[in-house]
Each structure stands twice: as structure tokens, then as C-alpha cells.
Amino acid sequence: MNNNWIYLIPIIGTITGWLINSLIIRLLLFPAYPVKIGGLTFQGFLFKRLQVITAGIGNWANQNFISTDAISKKLTSPEAIQKLVPVVEEQIDYFLKTKLAEKMPMISMFIGEKTTGQIKTILVEEIESLFPFLINRFLENAVTDLNVGKLIEEKLNGIPLENLQSIILESVKKEIGIFKITGAMAGFIIGLIELIFLFIV
């Protein structure tokens, strides 16, 4: 077989595999912003579909990040409530001994330390029993009013595309290199198989 060029088939396959995988990376990530050439608009597929991707991430975050049951159990546990009791007692003390005297001096004249202590004990017990209800109601309203998924989506869409492009390229630099090398190896193997096939036939 005198066609010596066929020995270049594995090398040509290697270069072709490398170029194809490099082209795939280019198509995914370049250009970040739309570029019009003639009547056609070119933009990296990832950035072209960015709003769809961020909307999907936002929806996933809403379904998986926010668990009101888990938060409620944590915040309404006996340990968490007990941590709040000293704060409540301090505020009630301040109200009974200072604010009440300022706002209603006549009533405060007839309330002694013993009565103040009894009132404080009753109020603390009542507030302590109300905490789980108040916390759960607050969480329900907070989750309704605060759309975490939408906030994430808006934040992602607010990142300048060139910055996002740089972040992606830097984050997956190693993987991009491996992807290109894999393409080159696949091209070499295919070229080698073709060369062997040519010799056989």
C-alpha cells in the first residue's frame, strides 16, 4: 500500500476530536452577549437559555431549600423557647417597673414587688405558650411574602454575562481540558481503527 498519507489518519482524528470538543465549548459559552452577523444572531447556548436555566434553579430552590416544617420544629423546640424566656422576662420587668409607672403612675403606686412578680410570672407563661403559634404564623407569612426562588433567579440574572462567563470558565477549567483531551483520544482511537480497517481490506 503506497498511499503513505493514510498513516496520518490517527493524527487527523486526534486533531479533529480536539477541535470538535473545543467547538462545543465555544458554542456553549461564546459569545456571552448576542452578536448579529448579517441576518443571523449568535450567542452561547448557555447564555441564550440563561433565563430558562435560572428560572429552573429558582423553582428547585423553592421546593428544596425552604422547609417550613423543619424550621418550625427548630424554632419551636423547648430548647429554643427557653432561650427566649430570659429576654421576655427582661422586657416584662422593664414594662412593669418603668413604662407602666411612666404611662399610668396611679396604678403603679398600688402594685408592689410581690404583685409585679405574680403578673410577670403569668405573662411569661402565657407568652411562652403562644410562642409556637406566633412563630408558625410568622413563618407562613414569611414564606408567602418572601419568594426565595424568585430572589435567586433575579440575582443570577443580574450578574453581568461577561462575569458569569469568567466564573464558569475558571470553575470548570480542568474539566474543559479533560473534555478536549477526551475528544482528541476518541479521534485518535477512531482514526487508528480506520487505519487498521484499511490494512485489513
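Up top is the structure these notes are about.
Bear in mind that the values here come from a model prediction, so they are computed numbers and not experimental data.

Conventions used here
- Residues numbered from 1 in each chain as written.
- Predicted model: local features only at pLDDT ≥ 70, side-chain atom pairs only at ≥ 80, totals over all residues.
- Heavy atoms only, no water.
- Helix = DSSP H or I, 4+ residues; strand = E, 2+ residues; numbered from the N terminus.
- Buried < 20%, exposed > 50% of the residue type's maximum accessible area, 1.4 Å probe, protein only.
- Contact = heavy atoms within 4.5 Å.
- Areas by Shrake-Rupley, 256 points an atom, 1.4 Å probe, with all protein chains shown as cover.
- Lys, Arg positive; Asp, Glu negative; His and termini not counted.
- Charge placed at Lys NZ, Arg CZ, Asp CG, Glu CD.
- Salt bridge = Lys/Arg side-chain N within 4 Å of Asp/Glu carboxyl O.
- Axes fitted to C-alpha atoms, helices over the stretch in contact; angles between N-to-C directions.
- Left-handed = near helix turned anticlockwise from the far one by under 90°.
- Nonpolar A, V, L, I, M, F, W, Y, C, P; charged D, E, K, R; others polar.
- Patch = residues over 30% accessible without salt bridge, like charges linked within 9 Å, V, L, I, M, F, W, Y side chains within 5 Å.
- Phe/Tyr/Trp six-rings, centres within 6.5 Å; stacked < 30°, edge-to-face > 60°.
- Lys NZ or Arg CZ within 6 Å of the ring centre and 35° of its normal.
- Core = buried A, V, L, I, M, F, W, Y, C linked by side-chain atoms within 4.5 Å.
- Polar contact = N/O pair within 3.5 Å; in protein donor to acceptor, adjacent residues only side chain to side chain.
- Parallel < 35°, antiparallel > 145°, perpendicular 65-115°, else oblique.

Undergrad: Where do I start with the overall build of the protein chain in this structure?
TA: For the protein chain, the count of helices and strands is 10 helices and two strands. Expressed along its principal axes, the backbone C-alpha trace of the protein chain runs to roughly 120 × 40 × 25 Å. Out of the 201 residues in the protein chain, the part that is buried amounts to 21%. Long-range pairs, those at least 24 residues apart, make up 74% of the contacts in the protein chain between residues at least 6 apart in sequence. For the protein chain, the accessible area works out to roughly 14,700 Å², and carbon and sulfur atoms hold 67% of it. Across the protein chain, the centroid of the 18 positively charged side chains sits 9 Å from that of the 18 negatively charged ones.

Undergrad: How do you make sense of the pattern of salt bridges when you look at a structure like this?
TA: A side chain with one charge can pair with a side chain of the opposite charge if their charged atoms come near. Under the criterion given, the structure shown has two salt bridges. Across the salt bridge formed by Lys 173 and Glu 170, the nearest N and O atoms sit 3.5 Å from each other. The same class applies to Lys 173 as to Glu 170, namely exposed.

Undergrad: Mind showing me how you'd approach the packing of helix α1 (residues 9-29) against helix α10 (residues 173-200) here?
TA: Helix-helix packing: each pair is described by the crossing angle between the helix axes and the interaxial distance. In contact at an axis separation of 6 Å, α1 and α10 are set at 150° when each is read in the N-to-C sense. As α1 runs across α10, the sense of the crossing is right-handed. Residue classes in the contact of α1 with α10 are distributed as 13 nonpolar, nine polar and two charged.

Undergrad: Please clarify how a nonpolar patch on the surface should be interpreted in this entry.
TA: A cluster of nonpolar side chains, namely Trp 5, Leu 8, Ile 11, Ile 12, Ile 15, Trp 18, Leu 19, Ile 181 and Met 185, defines an oily patch on the protein surface of about 920 Å² accessible area. Where the nonpolar patch is concerned, the elements lending two or more residues are α1 and α10. If one sorts the elements of the nonpolar patch by residue count, α1 sits on top with five residues. Assignment of secondary structure puts Leu 19 in helix α1.

Undergrad: Which parts of the structure should I look at to understand the packing of aromatic side chains?
TA: The relation between two aromatic rings is expressed through the spacing of the ring centres and the mutual angle of the planes. Counted according to the given criterion, the structure contains zero aromatic pairs. Here the guanidinium or amino end of Arg 26 rests over the ring plane of Phe 30, the centre of that ring lying 4.1 Å away.

Undergrad: Teacher, can you tell me more about the nonpolar core here?
TA: In terms of nonpolar packing, the biggest core is built from 10 residues, these being Ile 81, Val 85, Val 88, Ile 92, Leu 96, Leu 100, Val 124, Phe 131, Ile 135 and Leu 139. The set of elements that each furnish at least two residues to this core consists of α5 (78-103) and α7 (113-145). Excluding anything up to four places from it in sequence, Leu 96 contacts Thr 116, Ile 119 and Lys 120. By size, the runner-up hydrophobic cluster in this structure holds eight residues, among which are Leu 29, Ala 32, Leu 164 and Ile 176.

Undergrad: How should I be thinking about the side chain of Gln 165 in this particular structure?
TA: Mapped onto the fold, Gln 165 is located in helix α9 (residues 161-171). Residue class for Gln 165 comes out buried when judged on its relative accessible area of 13%. Excluding residues within four positions of it along the chain, Gln 165 makes contact with Leu 29, Phe 30, Pro 31, Ala 32 and Phe 47.

Undergrad: Help me understand the environment of Thr 182, please; the structure alone is not making it clear to me.
TA: Relative to the assigned elements, Thr 182 resides in helix α10. In sequence terms Thr 182 and Thr 14 are 168 residues apart; their C-alpha atoms lie 9.6 Å from each other. A polar side-chain atom of Thr 182 sits 2.7 Å from the main-chain carbonyl oxygen of Ile 178.

Undergrad: What's the story with the packing of α9 against α10 in this structure? I'm lost.
TA: For the pair α9 and α10, the least separation of the axes is 4 Å and the interaxial angle reads 65°. Classified by the angle their axes make, α9 and α10 are roughly perpendicular. Contacts from Leu 169, Glu 170 and Ser 171 in α9 reach Lys 173, Glu 175 and Ile 176 in α10. Residues of the contact of α9 with α10, tallied by class, amount to two nonpolar, one polar and three charged.

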